[in-house]
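Here are the chains, one letter per residue:
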Amino acid sequence: MNIELVAAGTKPPAWLVDGYDEYVKRLPRDWQFDLREVAVAKRSRSTNIARLKQQEGERILAAIKPNARIIALDSDGEIWSTEQLAAKMSQWRNDYPLVQLIVGGPDGLDDACLERADDVWSLSRLTFPHFIVRLMIVEQVYRAWSIVNNHPYHK
């Protein structure tokens, strides 16, 4: 399975990079997990947030591959259990050459990204910093892999 996380933001804290790298390393080679970082728009007090989200959204959409399954991360999305995620990933693995998970910047995803997505997934009704979401996603992908492969990690 090929998974690419397309995420806004280019300078996460080192401790998050370490955690992210640990879970990527745990995944077997046939569950390739890549990260593509997209620059966030520069913010100031007078900046139009809608315009910033649009700029970030354009960069994210430019990274989308034509035959990929697109999953947008948004707090208004559907909440899946880990078991549901594992079942979805098993299906996606059979149906798509690539799954791209898209994560917006500090202000979330632009509507154009949400409209382009095949699914909109929420990790929780809580709001998380966009860099922490990266770690949460890769851990959940690893946990889903453990369920699909009867590995004891999930227990």
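Just so you know, these numbers come straight off a predicted model, no measurement behind them.

Structural notes on the overall build of the protein
Here is step 1: Each helix and strand in the protein was counted, giving 5 helices and 5 strands.
Here is step 2: Going from N to C terminus, the protein has its helices and strands arranged as β-α-β-α-β-α-β-α-β-α.
Here is step 3: Here the C-alpha radius of gyration of the protein, 15 Å, is about what a compact globule of 155 residues would show, namely 15 Å.
Here is step 4: C-alpha extents for the protein along the principal axes are approximately 50 × 35 × 25 Å.
Here is step 5: Summarising the internal contacts of the protein: among those between residues at least 6 apart in sequence, 83% fall at separations of at least 24.
Here is step 6: Here the protein displays about 8300 Å² of accessible surface, and carbon together with sulfur accounts for 49% of that area.
Here is step 7: Positive and negative side-chain charges in the protein, numbering 20 and 21 respectively, have mean positions lying 4 Å apart.

Topic: the pattern of salt bridges
Here is step 1: Summed over all chains, the structure comprises 7 salt bridges.
Here is step 2: Close ionic contact of Glu-139 with Arg-143 constitutes a salt bridge, the shortest N to O distance being 2.9 Å. Here Glu-139 and its partner Arg-143 are both found in helix H5 (residues 130-148), 4 residues apart, which amounts to about one turn of the helix. For the pair formed by Glu-139 and Arg-143, the shared burial category is buried.
Here is step 3: Beyond isolated ion pairs, a larger network of salt bridges with shared partners links Glu-22, Lys-25 and Arg-26.

Section: the packing of helix H3 (residues 82-95) against H5
Here is step 1: In the contact formed by H3 and H5, the axes pass within 8 Å of each other and the chain directions differ by 75°. Relative to H5, the element H3 lies roughly perpendicular. Across the interface between the two elements, Thr-82, Glu-83, Leu-85, Ala-86, Met-89 and Ser-90 of H3 pack against Gln-140, Val-141, Arg-143, Ala-144, Ile-147 and Val-148 of H5.
Here is step 2: Its residues placed into classes, the contact of H3 with H5 shows 7 nonpolar, 3 polar and 2 charged.

Considerations on the sheet that holds strand S2 (residues 32-38)
In any sheet, the strands associate via hydrogen bonds between backbone groups, in a parallel or an antiparallel arrangement.
Here is step 1: Pairing within the open sheet is parallel, and its 5 strands lie in the order S2-S1-S4-S3-S5. In the strand order of this sheet, the two ends are held by S2 and strand S5 (119-122), each with one partner. Neighbour-to-neighbour, the strand axes of the sheet open up by a mean angle of 30°, direction not taken into account.
Here is step 2: When strand S1 (residues 2-8) meets S2, the two strands line up parallel, connected through 7 bridges. Following the sheet pairing, Val-6 is matched in S2 by Arg-36.
Here is step 3: Those strands touched by helix H2 (residues 49-62) are S1, S2 and strand S4 (99-103), and its axis lies near 145° from that of S2.
Here is step 4: Strands S1, strand S3 (69-79), S4 and S5 of the sheet are contacted by H3, whose axis makes an angle of about 160° with S3.

What counts and what doesn't
Residues numbered from 1 in each chain as written. Predicted model: local features only at pLDDT ≥ 70, side-chain atom pairs only at ≥ 80, totals over all residues. Heavy atoms only, no water. Helix = DSSP H or I, 4+ residues; strand = E, 2+ residues; numbered from the N terminus. Rg over C-alpha atoms; globule rule 2.2 N^0.38 Å. Contact = heavy atoms within 4.5 Å. Areas by Shrake-Rupley, 256 points an atom, 1.4 Å probe, with all protein chains shown as cover. Lys, Arg positive; Asp, Glu negative; His and termini not counted. Charge placed at Lys NZ, Arg CZ, Asp CG, Glu CD. Salt bridge = Lys/Arg side-chain N within 4 Å of Asp/Glu carboxyl O. Buried < 20%, exposed > 50% of the residue type's maximum accessible area, 1.4 Å probe, protein only. Axes fitted to C-alpha atoms, helices over the stretch in contact; angles between N-to-C directions. Parallel < 35°, antiparallel > 145°, perpendicular 65-115°, else oblique. Nonpolar A, V, L, I, M, F, W, Y, C, P; charged D, E, K, R; others polar. Pairing = 2+ DSSP bridges.

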